[in-house]
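Tertiary structure, described
Chain residues, written in single-letter form:
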Amino acid sequence: MNRLLSSEFVYNYRRNIPAVLGTVLVLVFAFLAILGPFLVWQDPYDVSQLELMDSFKPPVWLEGGDPRYLLGTDGQGRDVLASIIYGARISAFIGLAAMICSCVIGTTLGLISGYYGGMLDAVIMRIADIQLSFPSMLIALFLMSAFGNGIGMILIALTAVGWVVYARTVRGSTLSEIQKEYIQAARVAGLSDAQIIRRHVLPNVLTPLIVVSTIQVGSFILIEASLSFLGVGVPITEPSLGLLVKEGFDVLFSGIWWTSAFPGLFIMFLVFGINLFGDFLRDELNPRLR
């Protein structure tokens, strides 16, 4: 532990104010998403706890605010803060799960493509090129519209648009690694292709994967929020930050701004924190960018 704390990475991290700020933001939001439901008094998705008489109450610092609802309520009497906390759990889960699925599939295809090359490499990369010619949001929107919504379908859609980045990144790193002498020595020593990939190639392509994965989480959260805002993402029976923004947007121009503004700000600061930390990792793990 002392060796880690005294490392150059930790030293540079402590001096990088944006990275520290990004970490603080992510940790605060992670704390709220994990433990928040135990800190709020209302379950916004339990009908028995809702009271329509409390609908559209403003934040506590405005006239007519209720101390029970710090950020106000929506049209169903749900506490906006409690709704954000419950919605953050779903959005964070989708972002992390989609990142893991995309990473596993993309890394596997990238290793196969870069290591074996030939026709297999050409087919995988042409599929990736075709997919990159369309906006990720358009592909996800098409899949959700064609096959229905739900958390499982969102994960499939996000994985379908996210694997390409991992595949191309890993392929490029693999092509560089297999030209090095230690790979040739491993082949001469009689190691199988699977052993070489697992023991030698994969550990040396992890650095760009860490950077890509960090930034992809924020991108997936934004895509999920956009899909839910358009009505093809998470169903209305499930909490989601994008769905909260959509529900608040319907009354935004009636002066009831808090039902949409606070979920939107939560998404903005969450993705902002993730990107700040991701930028630090990108610069720190790539010596050419230092």
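A positive phi angle, close to 55°, is found at Phe 56, a residue other than glycine. Considering the arrangement of structural elements, one finds Phe 56 in the loop between helix 3 (17-35) and helix 4 (80-116).

With that out of the way, let us pick up the pattern of salt bridges. What the rule picks out here adds up to 7 salt bridges. Put simply, Asp 74 and Arg 78 hold a salt bridge, and the shortest N to O gap is 2.7 Å. Each member of the pair Asp 74 and Arg 78 is classed as buried. Residues Asp 129 and Arg 168 are paired through a salt bridge, measuring 2.7 Å at the closest nitrogen-oxygen approach. One end of the pair, Asp 129, is in helix 5 (residues 118-132); the other, Arg 168, is in helix 7 (residues 151-177), and 39 residues separate them in sequence. Residue Asp 129 is classed as partly exposed on the basis of its relative accessible area, which comes to 31%. Each of Asp 74, Arg 78 and Glu 247 takes part in salt bridges that share partners, so that together they form one network.

With that settled, the discussion passes to the confidence of the model for the chain. Counting all residues, the mean pLDDT for the chain is 83, and 95% of those residues have values of 70 or more. The lowest-confidence element of the chain is helix 1 (residues 2-5), averaging 59 in pLDDT; the highest-confidence one is helix 4, averaging 89.

Its volume calculated, the largest pocket comes out at about 430 Å³. Together, 21 residues line the largest pocket, and Val 26, Ala 30, Leu 96, Val 217 and Ile 274 are the ones closest to its centre. A per-element tally of the lining of the largest pocket places helix 3 first, with 8 residues.

Running from N to C, helix 8 (residues 181-188) and helix 9 (residues 193-204) cross one another at 170°; their axes reach a closest spacing of 11 Å. With respect to helix 9, the axis of helix 8 lies roughly antiparallel. Contacts between helix 8 and helix 9 involve Tyr 182, Ile 183, Ala 186 and Arg 187 from the former and Ile 196, His 200, Val 201 and Asn 204 from the latter. Per-class residue counts for the contact of helix 8 with helix 9 are 5 nonpolar, 2 polar and 1 charged.

The description of two aromatic rings rests on the distance between their centres and on the angle between their planes. Under the definition given, this model contains 7 aromatic pairs. With centroids separated by 4.4 Å and ring planes inclined at 50°, the aromatic side chains of Phe 29 and Phe 266 adopt a geometry described as tilted. Residue Phe 29 is found in helix 3, and its partner Phe 266 is found in helix 12 (residues 258-285); the two are separated by 237 residues along the sequence. The two residues Phe 29 and Phe 266 agree in class, both being buried. Between Trp 61 and Phe 262, the ring centres sit 6.1 Å apart and the planes meet at 90°, which makes this aromatic pair edge-to-face. Taken together, the residues Trp 61 in the loop between helix 3 and helix 4 and Phe 262 in helix 12 connect sequence positions 201 residues apart. Judged by its relative accessible area of 52%, Trp 61 is exposed. On the basis of relative accessibility, which here comes to 15%, the residue Phe 262 falls in the buried class. Ring-pair connections join several aromatic residues into one group, and the members of that group are Trp 61, Trp 257, Trp 258 and Phe 262.

The rules behind the values
- Residues numbered from 1 in each chain as written.
- Predicted model: local features only at pLDDT ≥ 70, side-chain atom pairs only at ≥ 80, totals over all residues.
- Heavy atoms only, no water.
- Helix = DSSP H or I, 4+ residues; strand = E, 2+ residues; numbered from the N terminus.
- Salt bridge = Lys/Arg side-chain N within 4 Å of Asp/Glu carboxyl O.
- Buried < 20%, exposed > 50% of the residue type's maximum accessible area, 1.4 Å probe, protein only.
- pLDDT = per-residue confidence, 0-100.
- 1 Å grid on protein atoms, 1.4 Å probe; cavity = no way out; pocket = protein on both sides within 12 Å on 5 of 7 lines; lining within 4 Å.
- Points joined across faces, edges and corners; volume = space filled by probe spheres on them.
- Axes fitted to C-alpha atoms, helices over the stretch in contact; angles between N-to-C directions.
- Parallel < 35°, antiparallel > 145°, perpendicular 65-115°, else oblique.
- Contact = heavy atoms within 4.5 Å.
- Nonpolar A, V, L, I, M, F, W, Y, C, P; charged D, E, K, R; others polar.
- Phe/Tyr/Trp six-rings, centres within 6.5 Å; stacked < 30°, edge-to-face > 60°.

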